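Descriptive structure summary
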Amino acid sequence: MIPVPGWAKEYNRNTLTQDGAAALIVTLMLIPQSLAYAMLAGLPPQAGLYASILPLVIYGLFGSSRTLSVGPVAVLSLMTAATLGQLSLQGVHYIEGALALALLSGGWLLLFGLLRLGFVAHFISHSVMSGFISASAVLITLSQLRHLLGISLPGEIWQLPGALFARLGEVPVATLAVSAVSLAMLVWARGGLKKILLRVLRPAVATALVRLMPAMVVVAAIVLSGWLQFEQAGVALVQAIPAGLPSLSWPDWAELPWRELMLPSLLLALVGFVESVSIGQTLAARRRQRIVPNRELIGLGLANLSAGVSGGMPVTGGFARSVVNFDAGAQTPAAGIYAAAGITLAGLWFAPWLSGLPQAVLAATIVVSVLGLFDWHQFVHTWRYSHADFSALCATFLLTLLAGVEAGLMSGILVSLLLHLYHSHRPHWAEVGRIAGTEHFRNRLRHRVELQPSLLCLRVDESLYFANAGQLEDIIATLVSQRPGLRHLVLQCTAVNRIDASALDSLLMINERLALAGVDFHLAEVKGPVMDRLERSELLQQLSGQVYLTLYQAWQDLGETDFEPEAGAVN
């Protein structure tokens, strides 16, 4: 359960140096990022710092990834703000609502981990997740316009264009200037600055400096804010951040609508787990390591529980912070623990200085960090490959924008499941014949094959269950009615991985009807687990034919000895 001995036994001075260097870089990046994501969630800035301390330590002890960095992320911050906003929580209840979300999502994750239910994340398809994240990137960007422009704007997306046009003349010039300079610097750092640095520095050093650019912009903004008196010019600043660390506490459940928080916390847990595992697996593969999904559930669950009792917010593995941690040379989870210590020192000593930071700078940091979340290429790629998946992607994207993050994500999951049921209830089937001179059988519509009038070989490319069992009955009835000389029907089960009780009843019905028509019913190439279940049923005893190991054996045993091969069509 605790993988500390695994990396502690091989820990040495060289590993300590590499982890310490990575922790320093990650700490400098996490401070402005944590503040920004707390502001995105509508929480006090210190909540982001607190969520980057104890959760990092807990995940370092219980998680399975060596380089994943846990803390607040953009998507979970947006979901937190949307959930608490819909419940109309205010003031201290809003803060306690965020703590309750972290505790509940942590409880879900821990429960799933103890029950080894890591597979539940697979119910969110890649198309749905891509549409949700792309829509979240748009919503996050739009939500930061009020900080970038220094004016109040409505939260509903359909009201935003009119309100923005009506209040554009009220935008403070100083706030607009701070926003424009911050955005320009951060965007230039990702493009032009990186190219310049790569010409004179090693790639690792150049990349590290680019990653630290948000921290440099924050420091410069604090210095200029005090020197040029930004607050007197109408630039909104971050509220005062208390020095020190929070005491462990528990939200007042009696004052919170905790029942209404159950479903949002479940969605937070699922989204956070999917995002974290995908990042962790990608980074682990680059070093030929592996992560354990069920251990990830436990690690992330305990990390969220620790965030909920230490004044934080919901957390998961973040892409940017994890990539920086990996590229900076982190070798073990100790790098995250060292980063937590660095953020603790920052909270103790430097927190009061952050009160001079303009909110527009944090908003620019958020906008630039989510630029890469919107993936146009995924829309194009999905459209070309699968129109069904594209419809799920677009449904998730549009409903997330128009109806909110919870409705969009749930609708996307529902659309994906309905599309899966739609396709599986109409299984692909093919009449197959033998390729001349071989033991291979192929679809008669795609290959030139040998066919026999008295023998019909049918392949079904889907597991058989309640939704498609009736379709199989109709297919076989139609084919048999078209073959007056048919004496044997062989069902090739190569692609059948499961037969449920409803499908078993359908097979019994098919066997009975074929027997009345004078046709023997045979099975071929039944997989071991499926055969194990069939042996516990009455089908094999009532089967009018036999079960063959291969379709070729059935062809030899049941086929006519003096038939003339019939050439199938070529497609």
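A brief look at the structure comes next. (Residues numbered from 1 in each chain as written. Predicted model: local features only at pLDDT ≥ 70, side-chain atom pairs only at ≥ 80, totals over all residues. Heavy atoms only, no water.)

**Details of the overall build of the chain**
The following threshold applies: By the criteria applied, helices consist of DSSP H or I runs no shorter than four residues and strands consist of E runs no shorter than two, each listed in order from the N terminus. A 1.4 Å probe rolled over the protein chains alone gives each residue an accessible area, and that area as a share of the maximum for its type sets the label: buried under 20%, exposed over 50%, partly exposed in between. By definition, residues are in contact when any of their heavy atoms lie within 4.5 Å. Charged residues are defined here as Lys and Arg on the positive side and Asp and Glu on the negative side; His and the ends of the chain fall outside this count. The location of each charge is read from NZ of Lys, CZ of Arg, CG of Asp or CD of Glu.
Check the secondary structure of the chain and you find 25 helices and 10 strands. Once the C-alpha set of the chain is aligned to its principal axes, its extents read approximately 100 × 60 × 60 Å. Burial analysis of the chain (571 residues in total) assigns 51% to the buried set. Long-range contacts, defined here as pairs at least 24 residues apart, represent 81% of the contacts in the chain between residues at least 6 apart. Charge centroids of the chain, computed over 34 positive and 35 negative side chains, lie 13 Å from each other.

**Remarks on the pattern of salt bridges**
Where charged atoms of side chains with opposite charge meet at close range, the side chains can pair. Applicable threshold: Salt bridge, as used here: a side-chain nitrogen of Lys or Arg that lies within 4 Å of a carboxyl oxygen of Asp or Glu.
In this structure the tally under the stated criterion is seven salt bridges. A salt bridge links Glu431 to Arg444; the shortest N-O distance between them is 3.2 Å. With Glu431 in strand 3 (residues 429-434) and Arg444 in the loop between strand 4 (441-443) and strand 5 (450-451), this residue pair connects regions lying 13 residues apart in the sequence. The class of Glu431 is buried, set by a relative accessible area of 8%.

**Re helix 16 (residues 334-349)**
Definition in use: Here the expected span of a helix is defined as 1.5 Å times the quantity of residues minus one.
For helix 16, built from 16 residues, the straight-helix expectation of 22 Å at 1.5 Å per residue is met to within 8% by its first-to-last C-alpha distance of 23 Å. Looking only at helix 16, the buried set comprises Ala334, Ala335, Gly336, Ala339, Ala340, Ile343, Thr344, Ala346 and Gly347.

**Structural notes on the side chain of Ser179**
In this fold, Ser179 is placed in helix 10 (residues 173-200). Beyond its immediate chain neighbours, meaning those up to four positions away, Ser179 contacts His147, Leu148 and Ala360.

**Quick word on the pairing of strand 3**
The two faces of a sheet get side chains in turn, since along a regular strand they alternate between them. Applied cut-off: Two strands qualify as a pair provided DSSP detects at least 2 bridges between them.
In terms of residue burial, strand 3 counts as a mostly covered element, since five of its six residues are buried. Sheet topology note: the strand 3/strand 6 (residues 455-460) ladder contains three bridges and is antiparallel. Paired with Trp429 across the bridge in strand 6 is Val460. Relative to strand 4, strand 3 is paired through three bridges, and the arrangement is antiparallel. Across the sheet, the residue bridging to Gly433 is Arg442, located in strand 4. Taking the residues that link successive antiparallel strands as the turn, the strand 3-strand 4 hairpin has six residues, and the phi of Gly437 there is positive, at about 80 degrees.

**Focus on the environment of Glu525**
Quick note on the threshold: Nitrogen and oxygen atoms within 3.5 Å of one another constitute a polar contact, given that in protein one can donate a hydrogen and the other can accept it, and given that sequence-neighbouring residues count only through two side-chain atoms.
As for its position among the elements, Glu525 is in the loop between strand 8 (520-524) and helix 23 (528-534). In contact with Glu525, not counting residues within four places along its chain, are Gln492, Cys493, Thr494, Tyr548, Leu549, Thr550 and Leu551. For Glu525, the side chain forms a polar contact with the main-chain nitrogen of Leu551, separated by 3.1 Å.

**Observations concerning the environment of Ser130**
Examined against the element boundaries, Ser130 turns out to sit in helix 7 (residues 126-143). Ignoring any residue separated from it by four or fewer positions in sequence, one finds Ser130 in contact with Gln378 and Leu393.

**What about the nonpolar core?**
Here is a general trend for soluble globular proteins: nonpolar side chains tend to be buried in one another's company. Heads up, the condition is: Each nonpolar core is a collection of buried residues, namely Ala, Val, Leu, Ile, Met, Phe, Trp, Tyr and Cys, held together in the definition by side-chain atoms within 4.5 Å.
Grouped together as the largest cluster of nonpolar side chains are 119 residues, with contacts concentrated most on Leu35, Met79, Ile124, Phe132, Val271, Leu357 and Leu409. Those residues within four positions of Leu357 in sequence are excluded, and the remaining contacts are Leu35, Val218, Ala221, Ile222, Leu237, Val238 and Leu362. Core analysis: the second largest hydrophobic core is formed by 31 residues, Leu472, Leu479, Val480 and Leu523 among them.

**Observations concerning a nonpolar patch on the surface**
Selection criterion: Surface patches are drawn from residues lacking salt bridges whose relative accessible area is over 30%; two like charges belong together within 9 Å, two nonpolar side chains (Val, Leu, Ile, Met, Phe, Trp, Tyr) within 5 Å. Reported accessibility uses the Shrake-Rupley method at a 1.4 Å probe radius. Residues are deemed covered only where the shown protein chains occlude them.
Residues Leu245, Leu345, Leu348, Trp349, Phe350 and Trp353 make up a contiguous nonpolar surface patch of about 670 Å² in total accessible area. For Phe350, the position within the fold is in the loop between helix 16 and helix 17 (359-369). With relative accessibility at 38%, the residue Phe350 sits in the partly exposed group.

**A closer look at the side chain of Arg434**
For Arg434, the position within the fold is in strand 3. Owing to a relative accessible area of 15%, Arg434 belongs among the buried residues under this scheme. Contacts of Arg434, omitting those with residues within four sequence positions, involve His440, Phe441, Val449, Glu450, Tyr552 and Trp555.

**What to know about unusual backbone geometry**
Phi at Arg116 takes a positive value of approximately 55 degrees, unusual for a residue other than glycine. Relative to the elements of secondary structure, Arg116 occurs in the loop between helix 6 (91-114) and helix 7. The phi angle at Glu525 is positive, at roughly 60 degrees, despite the residue not being glycine.

**Observations concerning the packing of aromatic side chains**
Using the following cut-off: Pairs were defined over the aromatic rings of Phe, Tyr and Trp, the Trp ring being its six-membered one, requiring ring centres within 6.5 Å. Orientation was assigned from the angle between planes: stacked under 30 degrees, edge-to-face over 60, tilted for the rest. In this scheme, Lys NZ or Arg CZ marks a charge over a ring once it lies within 6 Å of the ring centre and within 35 degrees of the ring normal.
The full count for this structure, using the stated rule, is 10 aromatic pairs. Arranged with centres 5.5 Å apart and planes meeting at 85 degrees, the rings of Phe379 and Phe397 form a pair that is edge-to-face. Within this pair, whereas Phe379 is found in helix 18 (residues 376-385), its partner Phe397 is found in helix 19 (residues 387-403), the two being separated by 18 residues in sequence. With relative accessibility at 9%, the residue Phe379 sits in the buried group. Note on Phe397: relative accessible area 14%, which makes it buried. Connected via pairs of aromatic rings, a cluster forms that spans Phe374, Trp376, Phe379 and Phe397. A cation over an aromatic ring shows up here: Arg287 above the ring of Phe326, its NZ or CZ 4.2 Å from the ring centre.

In short, geometric facts, not functional conclusions.
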